[in-house]
Amino acid sequence: VIDGLCVDGYESSYRALTPDGILVCNTGNTSSLQLQSGESSLCNAFDDNGLNSWWSTVKAKYFWKRAIFFDLYESYEQNPKMFGHELHYLICKLQRGEISPKVAGKVSLNQVPKAQTLIEKGLPNGTVVCLPWKKLDPKQKVKVEKKSDVDPPQ
């Protein structure tokens, strides 16, 4: 399971793991990235939800045996050619129907702020794709599933 948002402290993602599954915490978000790079400080920990973000990262990093951290941006900077190769590989798998990403919605450029707000709340169950060339539609909606529909059975 890959969690790039840490909306609920990685809890739902961790619960969704199979017995031999691994949780990949994408540290592209600021709170996790600060801890990974050693930039975390008590000053950062006490802003808005900083302490919760800090604790979520510490818990996943040091207490959960089946969680690993991956910094997408750092990985790209270290080996950009590999990213091109991996993108080509994923496109081939997509074209052959071997993978099918879950798309929660496709939005035009003017709907990105609203979609981002929903993503930060953890509401869309799937990826929201921006189609910048799509006709601007002020009534367009992003599909949202209720939290109970998203959480795995316990």
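Residues numbered from 1 in each chain as written. Predicted model: local features only at pLDDT ≥ 70, side-chain atom pairs only at ≥ 80, totals over all residues. Heavy atoms only, no water.

### A few points about the overall build of the chain
What counts is decided by this rule: Per the convention used, a helix needs a DSSP run of H or I reaching at least four residues, while a strand needs a run of E reaching at least two, with both numbered from the N terminus. Exposure classes here rest on a 1.4 Å probe applied to the protein chains alone. A residue is buried below 20% of its type maximum, exposed above 50%, and partly exposed in between. Any two residues whose heavy atoms approach within 4.5 Å at even a single point are treated as in contact. Residue exposure ignores everything except the shown protein chains as possible cover, and the areas themselves are Shrake-Rupley values with a 1.4 Å probe.
Each helix and strand in the chain was counted, giving eight helices and five strands. Secondary structure elements of the chain occur, N-terminal to C-terminal, as β-α-β-α-α-α-β-α-α-β-α-β-α. Among the 154 residues that make up the chain, the fraction classed as buried is 27%. Expressed as a percentage of contacts within the chain between residues at least 6 apart in sequence, the contacts between residues at least 24 apart total 55%. Carbon and sulfur atoms form 58% of the exposed surface of the chain, whose accessible area is close to 11000 Å².

### A closer look at helix α6 (residues 80-95)
Heads up, the rule is: Here, expected helix span is obtained from the residue count minus one, scaled by 1.5 Å.
Over its 16 residues, α6 runs 23 Å from end to end, which matches the ideal 22 Å to within 8%, given 1.5 Å per residue. Looking at the residues trailing α6, positive phi occurs at G97, about 80 degrees.

### Quick word on the sheet that holds strand β1 (residues 2-3)
The condition that has to hold: At least two bridges found by DSSP between two strands are what make those strands a pair.
Read from one edge of the open sheet, three strands run β1-β2-β3, paired in parallel fashion. Edge positions in the sheet fall to β1 and β3 (67-70), since each of these pairs with one other strand and no more. Pairing analysis gives four bridges linking strand β2 (residues 23-26) to β3, with the strands arranged parallel. Bridging across to β3, L23 finds its partner in A67.

### Digging into the side chain of N26
Here N26 is to be found in strand β2. Ignoring any residue separated from it by four or fewer positions in sequence, one finds N26 in contact with D3, G4, F70 and L72.

### Digging into the pattern of salt bridges
We count it as follows: By definition, a salt bridge exists where a carboxyl oxygen of Asp or Glu is found within 4 Å of a side-chain nitrogen of Lys or Arg.
Tallied over the full model, the rule gives three salt bridges. The partner of K93 in a salt bridge is E98, with the nearest N and O atoms 2.7 Å apart. Residue K93 is classed as buried on the basis of its relative accessible area, which comes to 18%. Between R96 and E98 there is a salt bridge, with its nearest N and O atoms 2.7 Å apart. You can call R96 exposed: its relative accessible area is 52%. According to the relative accessible area criterion, E98 is partly exposed, its value standing at 44%. By sharing partners, the salt bridges in this structure join K93, R96 and E98 into a single network.

### Remarks on the environment of P132
Examined against the element boundaries, P132 turns out to sit in the loop between β5 (127-130) and α8 (147-150). Of the residues examined, P132 reaches a relative accessible area of 45% and is grouped as partly exposed. Separated by 23 residues in the primary sequence, P132 and L109 have C-alpha atoms spaced 4.9 Å apart.

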